[in-house]
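One-letter residues, chain by chain:
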Amino acid sequence: MSNSSAHTALSVNVNKVALVRNTRHLGIPSVARAATLCLQAGAQGITVHPRPDARHIRPDDVTELSALLKAWPDREFNIEGNPFQNLMDFVRQCRPQQCTFVPDGEDQFTSDHGWNLAQDGERLRPLIQEAQSLGVRVSLFMDPVPESMALAKAVGADRVELYTETFASAFGQPNFQEVFEQFVQTGRAAAAINLGVNAGHDLNRDNLTTFLRGCPMVQEVSIGHALVADALELGYAATVQDYLRCIDAAFTTGA
Ligand SMILES: CC(=O)[C@@H](O)[C@H](O)COP(=O)(O)O
Ligand SMILES: NCC(=O)COP(=O)(O)O
């Protein structure tokens, strides 16, 4: 993946564009057009989470975006989901650059926890191997627990995605440093065993630079909800460029 930023790639999650599109039978706002505008603005990837209830991203969206991204060979397609539900069909069909295994239930409001690898690691191992045999990088959605990084590595994951909701909720709060330190230590634990690190959930223009300054090992942030909300005000291009600026600021001294 090309990365205009010093270190960390931005993957735009377009779930919420699909959510608005699904409230009428008019096909607008277009998910494909949103993705194109974000890529044209410099986003290094597109992320989708085709949940089983198709509340937002639908199978046709995944197929269309997979084809669209073929025209952007230096960008990445990341498909998220539960591999014990519908994710693997999309992985087999589309062979994205990356898939992210998320332990969500079918009717979950949103993603709100990482994997319990002591419980599920051995069941995940063959699915990780299958995805990798198709040339797809595998990232495991994980809570910020340093001790769990060794297990993620042991079951064969290429990367982990740090679930950043607790970071975002603590941002600006009295307990922030204590919460953030968990992420810093977890990122360092992963990097120490050559396990790649992604991050996502509730990241935004206010908290992103701080997060990456503390966790410079993060290779990719996937951001959707706040970015799409910002784009409703600023447009996709200006919004993506502002998020890229927030990323670059984390790696620029004195910024
Ligand atoms: C895994 C994660 O934290 C998000 O990528 C997820 O896609 C959010 O899902 P919703 O957009 O359905 O809230
Ligand atoms: N993996 C996180 C993601 O893709 C988007 O999460 P959010 O920014 O919508 O909270």
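Residues numbered from 1 in each chain as written. Chains lettered and ligands numbered in written order. Predicted model: local features only at pLDDT ≥ 70, side-chain atom pairs only at ≥ 80, totals over all residues. Heavy atoms only, no water.

The name that an unreviewed UniProt entry assigns to the protein is Pyridoxine 5'-phosphate synthase, with the source organism given as Rhodoferax ferrireducens. Listed under Function (unreviewed entry) in UniProt, the entry text for the protein is "Catalyzes the complicated ring closure reaction between the two acyclic compounds 1-deoxy-D-xylulose-5-phosphate (DXP) and 3-amino-2-oxopropyl phosphate (1-amino-acetone-3-phosphate or AAP) to form pyridoxine 5'-phosphate (PNP) and inorganic phosphate." Taken directly from UniProt, the Subunit (unreviewed entry) text for the protein runs: "Homooctamer; tetramer of dimers." (UniProt positions renumbered as here; feature names shortened; annotations may be inferred.)

Asks: Can you walk me through the overall build of the protein in this structure?
Replies: If you tally the helices and strands in the protein, you get 11 helices and 8 strands. In terms of overall dimensions, the protein is globule-like: its C-alpha atoms have a radius of gyration of 17 Å, near the 18 Å expected for 255 residues. Reported as C-alpha extents along the three principal axes, the dimensions of the protein are approximately 45 × 45 × 35 Å. Per-residue burial over the protein gives 55% buried out of 255 residues. Of the contacts made within the protein by residues no fewer than 6 positions apart, 67% connect residues no fewer than 24 positions apart. Surface accessibility of the protein: about 11000 Å² in total, with carbon and sulfur atoms responsible for 51%. Across the protein, the 20 positively charged side chains and the 29 negatively charged ones have centroids separated by 5 Å. (Helix = DSSP H or I, 4+ residues; strand = E, 2+ residues; numbered from the N terminus. Rg over C-alpha atoms; globule rule 2.2 N^0.38 Å. Buried < 20%, exposed > 50% of the residue type's maximum accessible area, 1.4 Å probe, protein only. Contact = heavy atoms within 4.5 Å. Areas by Shrake-Rupley, 256 points an atom, 1.4 Å probe, with all protein chains shown as cover. Lys, Arg positive; Asp, Glu negative; His and termini not counted. Charge placed at Lys NZ, Arg CZ, Asp CG, Glu CD.)

Asks: Could you clarify how one ought to interpret the site of ligand 1 in this entry?
Replies: Taken together, Asn 13, Asn 15, Lys 16, His 49, Arg 51, His 56, Glu 80, Thr 110, Ser 111, Phe 141 and His 201 are the residues near ligand 1. A distance of 3.2 Å separates an oxygen atom of ligand 1 from a polar atom in the side chain of Lys 16. Taken together, the residues that form the shell around ligand 1 break down as 1 nonpolar, 7 polar and 3 charged. (Near = heavy atom within 4 Å. Polar contact = N/O pair within 3.5 Å; in protein donor to acceptor, adjacent residues only side chain to side chain. Nonpolar A, V, L, I, M, F, W, Y, C, P; charged D, E, K, R; others polar.)

Asks: So what exactly am I meant to see when it comes to the nonpolar core here?
Replies: The nonpolar side chains of a soluble globular protein tend to be buried, and buried together. Counting residues in hydrophobic clusters, the biggest one holds 77 residues, and the most contacted among them are Leu 10, Phe 101, Leu 140, Phe 211 and Val 221. The dominant element in this core, judged by the number of residues it contributes, is helix α11 (residues 236–250), at 7 residues. Each residue touching Leu 10, except ones within four places of it in the same chain, is listed here: Ala 43, Gln 44, Gly 45, Val 221, Ile 223, Leu 227, Val 240, Tyr 243, Leu 244 and Ile 247. (Core = buried A, V, L, I, M, F, W, Y, C linked by side-chain atoms within 4.5 Å.)

Asks: How should the environment of Gly 196 be read in this particular structure?
Replies: On the secondary structure map, Gly 196 appears in strand β7 (residues 196–200). Its relative accessible area of 11% is what places Gly 196 among the buried residues. A C-alpha to C-alpha distance of 6.1 Å links Gly 196 and Asp 158, two positions 38 residues apart in sequence. The residues touching Gly 196, leaving out its near neighbours within four places in the chain, are Asp 158, Arg 159, Val 160 and Gln 219.

Asks: In this structure, what is going on with the packing of helix α2 (residues 31–40) against helix α3 (residues 59–69)? I would like to understand it.
Replies: The relative placement of two packed helices comes down to the angle between their axes together with the axis-to-axis distance. Where α2 contacts α3, the two axes come as close as 10 Å, and the packing angle between them is 30°. In terms of orientation, α2 lies roughly parallel with respect to α3. For the element pair α2 and α3, the recorded crossing hand is right-handed. When α2 is examined against α3, the residues Val 31, Ala 32, Ala 35, Thr 36 and Leu 39 are found in contact with a partner set consisting of Asp 61, Glu 64, Leu 65, Leu 68 and Leu 69. The residue makeup of the contact of α2 with α3, split by class, is 7 nonpolar, 1 polar and 2 charged. (Axes fitted to C-alpha atoms, helices over the stretch in contact; angles between N-to-C directions. Parallel < 35°, antiparallel > 145°, perpendicular 65-115°, else oblique. Left-handed = near helix turned anticlockwise from the far one by under 90°.)

Asks: Help me understand the site of ligand 2, please; the structure alone is not making it clear to me.
Replies: Close to ligand 2 lie Asn 13, Thr 47, Glu 80, Glu 161, Gly 200, His 201, Asp 202, Ser 222, Ile 223, Gly 224 and His 225, which account for all nearby residues. Here a nitrogen atom of ligand 2 and a side-chain polar atom of Glu 161 are 2.5 Å apart. Within the contact set of ligand 2, an oxygen atom lies 2.7 Å away from a backbone nitrogen or oxygen of Gly 224. In isolation ligand 2 exposes 310 Å². Once the protein is present, 92% of that is buried. Looking at the shell around ligand 2, its residues break down into 1 nonpolar, 7 polar and 3 charged.

Asks: Please explain the pattern of salt bridges as it appears in this structure.
Replies: Pairing between side chains becomes possible if they bear opposite charge and their charged atoms approach one another. Going through the model one piece at a time under the given rule, you end up with 12 salt bridges. As a salt-bridge pair, Asp 104 and Arg 51 come within 2.7 Å of each other at their nearest N and O atoms. One end of the pair, Asp 104, is in the loop between β4 (98–101) and α5 (117–133); the other, Arg 51, is in the loop between β2 (45–48) and α3, with 53 residues separating them in the sequence. Asp 104 gets classed as buried once you look at its relative accessible area, which sits at 3%. The salt bridge involving Arg 205 is made with Asp 230; its shortest N-O contact spans 3.1 Å. (Salt bridge = Lys/Arg side-chain N within 4 Å of Asp/Glu carboxyl O.)

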